[in-house]
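# Understanding the architecture of this molecule
Listed below, chain by chain, are the residues.
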Protein chains: 2
Amino acid sequence: MNIDLNTIQSPADIKGMDITQLELLSEELRSALIKKLSAHGGHVGPNLGVVEATVALHYVFDAPKDEIVFDVSHQSYVHKMLTGRIGAFIDPARYDEVTGYTSPDESPYDLFEIGHTSTSIALATGLAKARDIKGGRQNVIAFIGDASLGGGMALEALNYAPTLGSNFILVVNDNQMSIAENHGELYAHLNELRDSDGQAPNNIFKALGYEYLYVAEGNDLRHLIKAFKEVKDKDHAVVVHINTMKGKGLPVAEANKEKFHYAGPFDAATGEPAGQFGEDYDSVFANTMLTLMRDDKDIVTLTAGTPGAIGFGKGRREAAGKQFIDVGIAEQDCVTMAAALAKGGVRPVMGVVATFLQRAYDQLSHDVAINNLPAVFVVFYPGLFGMNDVTHLGFFDIAMVSNIPNITMLSATNAEEYKAMIVMAVRQTVRPIVIRTPGGEFRHADRPVDTDFFRYEIVEEGKDVAIIAEGSMLAIAQEASKILKEKGLTPTVINPRNLSQIDKECLDRLEGYKRVITLEDGIADGGFGQKVASYLAQKGVKVNVLGLKKEFLDRYDATELLKANGMTAEQIAQSILE
Amino acid sequence: MNIDLNTIQSPADIKGMDITQLELLSEELRSALIKKLSAHGGHVGPNLGVVEATVALHYVFDAPKDEIVFDVSHQSYVHKMLTGRIGAFIDPARYDEVTGYTSPDESPYDLFEIGHTSTSIALATGLAKARDIKGGRQNVIAFIGDASLGGGMALEALNYAPTLGSNFILVVNDNQMSIAENHGELYAHLNELRDSDGQAPNNIFKALGYEYLYVAEGNDLRHLIKAFKEVKDKDHAVVVHINTMKGKGLPVAEANKEKFHYAGPFDAATGEPAGQFGEDYDSVFANTMLTLMRDDKDIVTLTAGTPGAIGFGKGRREAAGKQFIDVGIAEQDCVTMAAALAKGGVRPVMGVVATFLQRAYDQLSHDVAINNLPAVFVVFYPGLFGMNDVTHLGFFDIAMVSNIPNITMLSATNAEEYKAMIVMAVRQTVRPIVIRTPGGEFRHADRPVDTDFFRYEIVEEGKDVAIIAEGSMLAIAQEASKILKEKGLTPTVINPRNLSQIDKECLDRLEGYKRVITLEDGIADGGFGQKVASYLAQKGVKVNVLGLKKEFLDRYDATELLKANGMTAEQIAQSILE
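An account of the accompanying structure is given in this report. (Residues numbered from 1 in each chain as written. Chains lettered and ligands numbered in written order. Predicted model: local features only at pLDDT ≥ 70, side-chain atom pairs only at ≥ 80, totals over all residues. Heavy atoms only, no water.)

What follows is about the pattern of salt bridges. Residues and elements named next belong to chain A. Going through the model one piece at a time under the given rule, you end up with 67 salt bridges over all chains. Arg30 is paired through a salt bridge with Glu52; the nearest N and O atoms lie 2.8 Å apart. With Arg30 in helix α2 (residues 19-40) and Glu52 in helix α4 (residues 51-60), this residue pair connects regions lying 22 residues apart in the sequence. Pair check on accessibility: Arg30 and Glu52 agree, each one buried. With a closest N to O distance of 2.8 Å, Arg85 and Glu106 form a salt bridge. Of this pair, Arg85 sits in the loop between α5 (77-82) and α6 (87-90) while Glu106 sits in the loop between α6 and α7 (120-134), and the two are 21 residues apart along the sequence. Beyond isolated ion pairs, a larger network of salt bridges with shared partners links Glu417, Asp446, Arg447, Asp450, Glu457 and Arg497. (Salt bridge = Lys/Arg side-chain N within 4 Å of Asp/Glu carboxyl O. Helix = DSSP H or I, 4+ residues; strand = E, 2+ residues; numbered from the N terminus. Buried < 20%, exposed > 50% of the residue type's maximum accessible area, 1.4 Å probe, protein only.)

This is the structure:
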């Protein structure tokens, strides 16, 4: 017997299947997934772990009438396969037709663009409340992993949802992992629930007013279907706690859950990555921190659940020992802990992905900046060369951070400058500092590092025309300068480094200039260029602020994006020549 | 027997007291508090409820060696009275010597500037970790109210703190209230714990790995001292759950806990406020919403724990019924619920205090803006005429909100324009809108409301010089215009309304102008003026961006602040005349 996956065009196509067929379907979905993931890359472990749970959800519930919200939605591949998008998973030519997350633009079965953690319970609560107001009768289901459950907004919503007093189904997909290991006592508690087959008397879900069901065999369709049928159409809040295996069915992913949370193309048999990797800034960061921490036991590195993204894989974590702190998916807790660590005389350095720093804006402002505590934050994947899913864009961080008082935001242009900034930031104890990791290709210094980081650095001294370009944009400015020199112009090229404060002394020297261009690896709105323009506009200097348009983009091409915003070297040179 | 409060200059002065003296001391502290609060205003209920708990803390623990972090720190008045600042509570001439929150500038007993909720556990976790790294042996204590405990970052930290495996004391001050009533199932659970005298088998604190003690008589010094002595120097995480009475000892405050959470000067016997109140924007908002909700059952008003601040006192909440949603102190949950409500076809309007909107930056961006859902957010106390404690400043909201794509931020200048904006925002269903409540004195319209809100409004048509002034600043611009007219100049005065997008058509008309001034009720950095300046600087138009300096200020005088930033009508007129 065989199932032609091409025939699965909507959940209706699986409703008539018997359990044997559903099991066969799950096997084929998993095989197709492994084939696509190894060739294309993607979230491996999260999706392989929920094949059966997703089949069971769509078998029992009636989406899109019944509303399913996937937390982070990085585990929604099987959901996509069952809801009209199978072609993008079985035809290699069509692999890129779907995004890696739920997307309303793709399908009415996808309710929201989602990519950050811990939002599903609040979203489902809103949907349930809207249903109640409108007198609907559909089921509302939030599907959340154990790691995301520890995030503050998940816990806020976990507390509030049962007060609705109406249908609300929370599936807790417990695979006993974050991207790396879990942190926090919630996980000891989930362990207690699993060990007691859900019978432990102390139960956080019951304490918060939920009916509670435990499914020990979370990769077994029979058990899952039975549980989902039991909770369907309930008139109150229920938790279905399912015990699943991350990476299920792919031995290398089962064996190495952290490595195969997300992976680029790999060999499915050996797990070896297909590509070659050269030097990277993550390693510069991690090695710099390891050296600093080895020499000073009062220095610590922090992360909120993304150790790998900041260069701290398992080996480096072990090397760092107690000086490495992972609080789990809890950015707010992490930023504020960093503030208090600084207060307590320790030197904290938090590594954080640009898009996730957004989750701790108030903590940066209220706890770090108002108290003016010398915590250090190093931002990864900032700018247009960072992640390009619409939910993970890294080009809003300058506007967000550089307008908070007391914080100095620095931007590095190459590995040596980056390393020197980190060392300086850790050694000083007078102010909070945020450092932007360089974006784009890995670069070594092409000039000695000028360590007066709070001032602008004049990289090329010229006249009449100046280009002030931060981070990865400096290389483009240098390229534009080369073109201009061929035409007989000698522009001044400036590396501002400090994105929080303008260097008035340096800018005053540009007063007679015919044109000043600022160039930043982020949106122009609220960025450093507008600060420069405001200062020079008083004096009537003509300034062009170049940066990205303030918009959300999904899976863009970086080169095209530069062009669309007039930010290539050729365009800049051309605009000056005109 | 009597205690001279003047002799209490540090906690050392109460260490030798016996229980009778401590009880007498508590009585006198409470009397002094009531006298000051009724004459001066402040957080009434929160402080009266913790007189005994604070005395017991300082009797048992050895601050500042032992480190106490008060959540929100609005309940730290007694702490201040016991730590060298008694004069500011018993001498009316010195009432203003202390701030309303803990402040390291005031005393080494105050560890952090704190004013937002739910931060204490993370701060204490950081202090405890720093202690462990440095080999210290002091106690670290977080003191948090039941309401603040429901905030996401408190829950994140509640989960993480016990993993330190060292001394960590969490005092949960359970007075069964938020500012208004509590919301969320956590409160049913705390109720269960109280009802069972702490013996209920299901216990969220134990589930998360804490040792747990319950003190039923949380206003009784003997019980408190016994409990604190028991947990002092423990080598692991402990929760001391104390049951206190908000407003204890002041009958009007005991009877009306919401009204006396925070109050201006009042008559201690009757509870009547001392001042007179005229029209206010809160009422305009609440009455507008009540009318809209009465006519359309699909419209809802949301708050995250601050119903009073947005005009929804008890009577109006009752009038709104199920169309009013208070999620408790859970801004993230609230903003994201609003997104999902909009998705579900309901029209959500969240009222939120400017400084607290910071707590949901990522939810505004990731859940509302990326999904482009037509949720409406009305911002209260924005700008320099808002709250002036350093932790509650309202002048960062333009920089924060106006640089997020897809969101349109509007700013109103008077009551009629404000009301019309709210109505328009609720009726449209194409985009998220954030509306700034006008700051400063209450103003009725001095001209017909121009409802083309996404475009700039020309209030006075002139030539050569333009002043573009948003919100409360428009009145200042009009005043400056009057002065200039007396000198023979006729400036153009523009009310931009839309702070997210510049009106290029309008700005193009200013190309021949000699000077353009922008004026905003917020920091200049990242604000609307810099967008205007960037646009006009390309054309070489001279622009002065007026706004507040990017800095944190504490208890400033608004008039002085305007002057310091060159933002008075006289200064503006003068700068143009020069």
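The next thing to look at is the sheet that holds strand β15 (residues 465-469) of chain B. All names here are of chain B. The strand order across the open sheet formed by five strands is β14-β16-β15-β17-β18, and the pairing between neighbours is mixed. The sheet terminates laterally at β14 (457-460) and β18 (543-548), the two strands that pair on one side only. Across the sheet, the axes of successive neighbouring strands diverge by a mean angle of 25 degrees, strand direction being ignored. Sheet analysis places β14 next to strand β16 (residues 492-495), joined by three bridges and oriented antiparallel. The residue bridging Glu457 from the neighbouring strand is Asn495, located in β16. In the packing of helix α23 (residues 528-537) onto the sheet, the strands contacted are β15, β17 (515-523) and β18, and the crossing angle to β17 comes to about 155 degrees. (Pairing = 2+ DSSP bridges. Axes fitted to C-alpha atoms, helices over the stretch in contact; angles between N-to-C directions. Contact = heavy atoms within 4.5 Å.)

With that settled, consider the interface of chain A and chain B. Counting residues at the interface gives 107 residues for chain A and 107 residues for chain B. In total, chain A and chain B occlude about 8,400 Å² of area from one another, counting both sides; carbon and sulfur atoms represent 61% of this. Across the contact surface, chain A and chain B share six salt bridges. Residue A:Lys134 pairs with B:Asp298 through a salt bridge whose shortest N-O separation is 2.7 Å. Inspection of the region where chain A meets chain B yields 39 residue pairs in polar contact (both at pLDDT 80 or more). In terms of residue count, α7(A) provides more of the side of chain A that touches chain B than any other element does, nine residues in total. Looking at the side of chain A that touches chain B residue by residue, the classes come out as 46 nonpolar, 38 polar and 23 charged. (Buried area = accessible area lost by both parts, 1.4 Å probe. Polar contact = N/O pair within 3.5 Å; in protein donor to acceptor, adjacent residues only side chain to side chain. Nonpolar A, V, L, I, M, F, W, Y, C, P; charged D, E, K, R; others polar.)

Next up on the list: the pairing of strand β10 (residues 347-353) of chain A. Residues and elements named next belong to chain A. For β10, the tally of buried residues reaches seven of seven residues, placing the bulk of the element in the interior. Both faces of β10 are covered, namely the face carrying Arg347, Val349, Gly351 and Val353 and the face carrying Pro348, Met350 and Val352. Pairing of strand β8 (residues 299-303) with β10 involves four bridges; the strand directions are parallel. Counted as the bridge partner of Thr301 is Val349 from β10. Sheet topology note: the β10/strand β11 (residues 376-380) ladder contains five bridges and is parallel. Of the residues in β11, the one forming a bridge with Val352 is Val379.

Let us look at the packing of aromatic side chains. Aromatic ring pairs are described here by two measures, namely the spacing of the ring centres and the angle between the planes. Residues and elements named next belong to chain A. Summed over all chains, the structure comprises 27 aromatic pairs over all chains. Note on Phe205 and Tyr212: the rings are 5.9 Å apart at their centroids and 10 degrees apart in plane angle, and the pair reads as stacked. Between Phe285 and Phe312 the ring centres are 6.3 Å apart and the planes differ by 80 degrees, which places this aromatic pair in the edge-to-face class. Taken together, the positions of Phe285 in helix α14 (residues 281-295) and Phe312 in the loop between β8 and α15 (314-320) put the pair 27 residues apart, joining distant regions of the chain. Owing to a relative accessible area of 0%, Phe285 belongs among the buried residues under this scheme. Through a chain of ring-to-ring contacts, the aromatic side chains of Phe285, Phe312, Phe324 and Phe380 assemble into a single cluster. (Phe/Tyr/Trp six-rings, centres within 6.5 Å; stacked < 30°, edge-to-face > 60°.)

What follows deals with the packing of helix α23 (residues 528-537) of chain A against α23(B). The N-to-C vectors of α23(A) and α23(B) enclose an angle of 65 degrees; their axes lie 8 Å apart at closest approach. As the angle between them shows, α23(A) and α23(B) are arranged roughly perpendicular. Between α23(A) and α23(B) lies a crossing of left-handed hand. Across the interface between the two elements, A:Gln530, A:Lys531, A:Ala533, A:Ser534 and A:Ala537 of α23(A) pack against B:Gln530, B:Lys531, B:Ala533, B:Ser534 and B:Ala537 of α23(B). Here the residues of the contact of α23(A) with α23(B) sort into four nonpolar, four polar and two charged. (Parallel < 35°, antiparallel > 145°, perpendicular 65-115°, else oblique. Left-handed = near helix turned anticlockwise from the far one by under 90°.)

All names here are of chain B. With respect to topology, six strands assemble into an open sheet ordered β9-β8-β10-β11-β13-β12, the strand pairing being parallel. The open sheet has two edge strands with one neighbour each: β9 (324-326) and β12 (408-411). Direction aside, neighbouring strands of the sheet carry axes that sit 20 degrees apart on average. The pairing of strand β11 (residues 376-380) with strand β13 (residues 433-436) spans four bridges and is classified as parallel. Counted as the bridge partner of Val379 is Arg436 from β13.

Before going further, it helps to examine unusual backbone geometry. Each neighbour pair has its own omega, and for A:Ala63 with A:Pro64 the value is 5 degrees, a cis peptide bond. Along the chain, A:Pro64 falls in the loop between α4 and β2 (67-70). A positive phi angle, near 60 degrees, is found at A:Arg497, a position not held by glycine. Although it is not a glycine, B:Asp464 adopts a positive phi angle of roughly 70 degrees.

Turning next to the pairing of strand β3 (residues 140-145) of chain A. A regular strand places its side chains on the two faces of the sheet in alternate fashion. Residue and element names in this part refer to chain A. Among the six residues in β3, six count as buried, and that is most of the element. With burial as the criterion, each face of β3 is covered, one bearing Val140, Ala142 and Ile144 and the other bearing Ile141, Phe143 and Gly145. By the bridge criterion, four bridges tie β2 to β3 in an arrangement that is parallel. Its bridge partner lying in β3, Glu67 is registered against Val140. Both β3 and strand β4 (residues 168-174) contribute to a ladder of five bridges, which runs parallel. By the bridge assignment for β4, Ile144 is matched with Val172.

Once that is clear, we can look at the environment of A:Val541. With respect to the element layout, A:Val541 can be found in the loop between α23 and β18 (543-548). In this structure A:Val541 comes out as buried when scored by relative accessible area, which is 3%. Here the alpha-carbon distance between A:Val541 and A:Lys259, two residues 282 residues apart in the chain, equals 52 Å. The contacts of A:Val541, once residues within four sequence positions are left out, are A:Leu510, A:Glu511, A:Tyr513, A:Val516, A:Leu536 and B:Ala537.

Turning to the relation of the copies chain A and chain B, a few remarks are in order. If you rotate chain A by 180 degrees and push it 0.0 Å along the axis, it lands on chain B with an RMSD of 0.0 Å. Look at the turn and shift together and you get a two-fold axis relating the two. Taken as a fraction of all interface residues of chain A, those also at the interface in chain B reach 100%, which identifies the copy contact as same-surface. (Least-squares fit on C-alpha atoms with pLDDT ≥ 70 in both.)

Attention now moves to helix α20 (residues 415-427) of chain A. Residues and elements named next belong to chain A. End to end, α20 covers 18 Å across 13 residues, agreeing with the expected 18 Å (1.5 Å per residue, within 8%). The set of residues buried in α20 consists of Ala415, Glu417, Tyr418, Met421, Ile422, Val423, Met424, Ala425 and Val426. The opening residue of α20 is Asn414, an N-cap whose side-chain oxygen sits 3.2 Å from the backbone nitrogen of Glu416. (Expected span 1.5 Å × (residues − 1).)

Residues and elements named next belong to chain B. In the contact formed by helix α14 (residues 281-295) and helix α20 (residues 415-427), the axes pass within 10 Å of each other and the chain directions differ by 35 degrees. The handedness of the crossing between α14 and α20 is right-handed. Residues Tyr281, Val284, Phe285, Thr288, Met289 and Leu292 of α14 lie in contact with α20, whose contacting residues are Ala415, Tyr418, Lys419, Ile422, Val423, Val426 and Arg427. Each residue belonging to the contact of α14 with α20 can be placed in one class, and the counts come to 10 nonpolar, one polar and two charged.

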